[in-house]
Amino acid sequence: MKARLTLDKFDDVFGRTLDESGKPSYEHIYKYYAEDMRFQDSIQTIVGREPFVAMCRRLAGRAKELRFDVTGKAQNGNIMFLQWTMTINFAGTKTTPLYGCSKLTLNDDGQILEQRDYYDLWGDTVNIASRLESHGEPDIPQVSPATYELLKERFVLDRKSV
């Protein structure tokens, strides 16, 4: 029997991002996706549950910490909308929340047939990139202080305050 997604189940299903051992994982959500599902966000389109599962596993596998908080949800027929905050902490990077929303289209079996994610990248990542770009010199690569700390033992880098 196929798993049917309902708005009542949503917080429990998508709010849980850790497996029994405490590691980041989405394994419990895949049964809610149709085999012929389609995922799209600002940078990629994935067709089929297996490629989508592979992408999610890569993401969860690289994360030290993963949180997905649903902050709002609504449903009209077979369309679900959700507003969320996702926080991913990758090794050696600063944690910055990602704010977004998703439109989910369910098939007749109540499985996710289409997922379209919309989000903006703000916070420290964008602020640092803006400062690096506005204070940069032509043809001279720059890195953030966090990246400098990761690279300073392997590369000769000149330190510059921004």
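Structure first, text after, so check above.
Attention here is on the structure that accompanies the text. Numbering of residues begins from 1 in every chain and follows the order in which that chain's sequence is written. Only residues with pLDDT of at least 70 are given local features in this predicted model, and only at 80 or more are side-chain atom pairs given and counted; all residues enter the totals for whole chains, interfaces and linings. Hydrogen atoms and water are omitted, and side-chain values are computed over all heavy atoms in the structure.

**A closer look at the sheet that holds strand 5 (residues 96-106)**
Move 1: With respect to topology, six strands assemble into an open sheet ordered 2-1-6-5-4-3, the strand pairing being mixed. The open sheet has two edge strands, strand 2 (45-47) and strand 3 (63-76), and neither has a second partner. If you compare each strand with its neighbour and ignore which way they point, the axes differ by 20 degrees on average.
Move 2: Running over the sheet, helix 2 (residues 49-62) touches strand 1 (33-40), strand 2, strand 3, strand 4 (79-90) and strand 6 (112-120) and is turned about 60 degrees from strand 1. Two strands pair if DSSP finds at least two bridges between them. Note on conventions: DSSP H or I runs of at least 4 residues are helices, E runs of at least 2 residues are strands, and numbering of each starts at the N terminus. In this analysis an axis means a line fitted to C-alpha atoms, helices contributing only their contacting stretch, and an angle means the value between N-to-C directions, from 0 to 180 degrees. Here a residue-residue contact requires only that any non-hydrogen atoms of the pair lie within 4.5 Å.

**Re the pairing of strand 6**
Move 1: Where strand 1 and strand 6 come together, four bridges link them in parallel fashion. Within strand 6, the residue paired with Y33 across the bridge is I112.
Move 2: Taken together, the eight bridges between strand 5 and strand 6 define a ladder with antiparallel strand orientation. Its bridge partner being in strand 6, L104 is matched across the sheet by Q115.
Move 3: Remark: five residues form the turn of the hairpin made by strand 5 and strand 6, two consecutive strands paired antiparallel; G110 in that turn has positive phi of roughly 80 degrees.

**Details of the packing of aromatic side chains**
Move 1: Each pair of aromatic rings taken from Phe, Tyr and Trp, with Trp reduced to its six-membered ring, is defined by centres within 6.5 Å and is described as stacked if the planes are under 30 degrees apart, edge-to-face if over 60, and tilted in the remaining cases. Applying the stated criterion across every chain yields a total of three aromatic pairs.
Move 2: When the centroid spacing of 4.7 Å and the interplanar angle of 45 degrees are considered together, the rings of Y33 and F52 count as tilted. In this pair, Y33 sits in strand 1 while F52 sits in helix 2, placing the two residues 19 residues apart along the sequence. Here the two residues Y33 and F52 agree in accessibility, since each one is buried.
Move 3: Grouping aromatic residues by their ring pairs yields a cluster made of Y33, F39 and F52.
Move 4: Each ring is checked for a lysine NZ or an arginine CZ that lies within 6 Å of its centre and within 35 degrees of its normal; such an atom marks a charge sitting over the ring. The ring centre of Y118 lies 4.3 Å from the NZ or CZ of R116, which sits over that ring. Exposed residues in this analysis have more than 50% of their type's maximum accessible area, buried residues have under 20%, and partly exposed residues fall in between, with area computed by a 1.4 Å probe over protein chains only.

Remember, this is a structural readout, not a statement about activity or role.
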